[in-house]
Amino acid sequence: MTRSNAPRHFAPLHAAPERPRRFAAAAAMVPVRFGAGAQLLALASGLALMAGMAWGQGTGEGAAATTIETSAGPMEISRIADGFEEPWAIGLLPDGGILVTEREGRLLLLRGGERVDITGVPEVYAEGQGGLLDVMVPRDFEQSREVWLSYAAAVDGGAATAVGKGRLSEDGSALEGFEMLYVGEGLPGGRHFGSRIVEAQDGSVFVTTGDRGTGPDGMQAQDPETVEGSVIHLTREGATATAQENWRRGVYSIGHRNAQGAALGPDGTLWLVEHGAQGGDELNWVREGANYGWPVISYGVNYNGDTIGEGQAAEGMEQPAHYWDPSIAPSGMIVYSGALVPEWAGDVFTGSLNQSFLSRLDMETAAPTGFEEERIEAEETGRVRDVREAPDGSIWFLSVLEGAIFRLAPAEAG
């Protein structure tokens, strides 16, 4: 059996109960996925505390906040914007604008009290779980104005996960010159497209894909010459950034079932959360050339109760850093900087699509399944699809049931 040699700030699954080290001091950390302008906002405390309200110009502005108790004290949940139809992802722009994807194929811009339906978005395959999925705003957006999208595309043989980029016009009304950069093989049906986009520290881009619902008997996720059930690695120009012997160019890791959350740790390591079958959702530290086991190993079982593949471990296949059983259907993910809540620095947050809460994994405290978990639950946490850290250190999440964006922050922070 092979275990991941996870970075030392995370304890491996079933490790001895020694307390692993935290990522780094909160003061030295900056939220991932934001450009230089956003980082400057995070350092300007007066602007930072206003950032959430400045962005909250949607129909939800002015709604009463909900106060809940958490391990770090009382937190307020404020409604930033609502009225979305099956929203999938949030992207935060350096000027305070918000990009929101809706699965049916709309990309919206919220800025200055206006809501703009952006043109130039690619045609998507909006069937089943397919449609317009993630949005990523690169760190150099102020210079490049690039916006990256992942989506389900109709191709020969059915549909596949695709990723591409375009340039947001100066007035924010159009995505100009959008081009598809990478696409998987066409398969029938509308299940398991993934998909999250993460900018690496060197500016390259990771994209997660799903196994397309091929099930425990379908071995596409174990085939390094296919895209399904893998992590893809691209340059900022859209070329493949990884080339491994006997693997399709661009394929970085394999053996994933349906990764719907991904983020960088502050040291640049890539982490993702992925759906298991009946049980066996996973948090994985992703390394180039590694095999994460699906559908040969899993901590879940098939929907008829049968064992999946060879069980929970096999030679040459990685163990998860954490697993959930029963499933929570994790979606969206951040590794929190600790900017507003130092007690949570270095912890992983992800949403639940089937139990309606925010999951916080305490990366200092080992548990039988990997790490100790806190579940942050309120009326607003219905089917959390995406989680982001705003420049001020508040935690934003996207609720599918509410069709709304919410902000979680300490009650005393406003």
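Fair warning: this is a prediction, and the values are worked out from it, not measured in the lab.

Caption draft 1: Structural detail: the overall build of the protein chain. Looking only at helices and strands, the protein chain features three helices and 25 strands. Across the 414 residues of the protein chain, 62% fall into the buried class. For the protein chain, the proportion of contacts with a sequence separation of at least 24, taken over those separated by at least 6, is 59%. About 15,000 Å² of surface is accessible on the protein chain, with carbon and sulfur atoms providing 48% of the total.

Caption draft 2: Representation of the pairing of strand 20 (residues 348-352) within the structure. Extensive coverage of strand 20 is indicated by the burial of five of its five residues. Pairing of strand 20 with strand 21 (residues 358-367) involves four bridges; the strand directions are antiparallel. Along strand 21, the bridge assignment pairs V348 with L361. Hairpin connection of strand 20 to strand 21: five residues between the antiparallel strands, including S356 at a positive phi of 65°.

Caption draft 3: Highlighting the nonpolar core. Within the largest apolar cluster, 26 residues are counted, with the highest numbers of intra-cluster contacts made by L99, L107, V147 and L149. If you list the elements that add at least two residues to this core, you get strand 3 (87-92), strand 5 (106-111), strand 7 (132-136), strand 8 (146-155), strand 9 (158-168) and strand 10 (175-183). Counting residues in each nonpolar core, the second largest holds 19 residues, with W344, V384, V387 and L408 among its members.

Caption draft 4: Region of the structure containing the side chain of D281. Mapped onto the secondary structure, D281 falls in strand 17 (residues 281-286). Of the side chains bearing the opposite charge, R257 lies closest to the buried D281, which forms no salt bridge; the N-O distance is 6.0 Å. Within polar-contact distance, the side chain of D281 engages the backbone nitrogen of G276 at 2.7 Å. Only 2.8 Å separates the side chain of D281 from the backbone nitrogen of A329, close enough to count as a polar contact. Discounting chain neighbours no more than four positions away, the residues touching D281 are E274, H275, G276, H322, Y323, W324, S327, I328, A329 and P330.

Rules behind the numbers
Residues numbered from 1 in each chain as written. Predicted model: local features only at pLDDT ≥ 70, side-chain atom pairs only at ≥ 80, totals over all residues. Heavy atoms only, no water. Helix = DSSP H or I, 4+ residues; strand = E, 2+ residues; numbered from the N terminus. Buried < 20%, exposed > 50% of the residue type's maximum accessible area, 1.4 Å probe, protein only. Contact = heavy atoms within 4.5 Å. Areas by Shrake-Rupley, 256 points an atom, 1.4 Å probe, with all protein chains shown as cover. Pairing = 2+ DSSP bridges. Core = buried A, V, L, I, M, F, W, Y, C linked by side-chain atoms within 4.5 Å. Lys, Arg positive; Asp, Glu negative; His and termini not counted. Salt bridge = Lys/Arg side-chain N within 4 Å of Asp/Glu carboxyl O. Polar contact = N/O pair within 3.5 Å; in protein donor to acceptor, adjacent residues only side chain to side chain.

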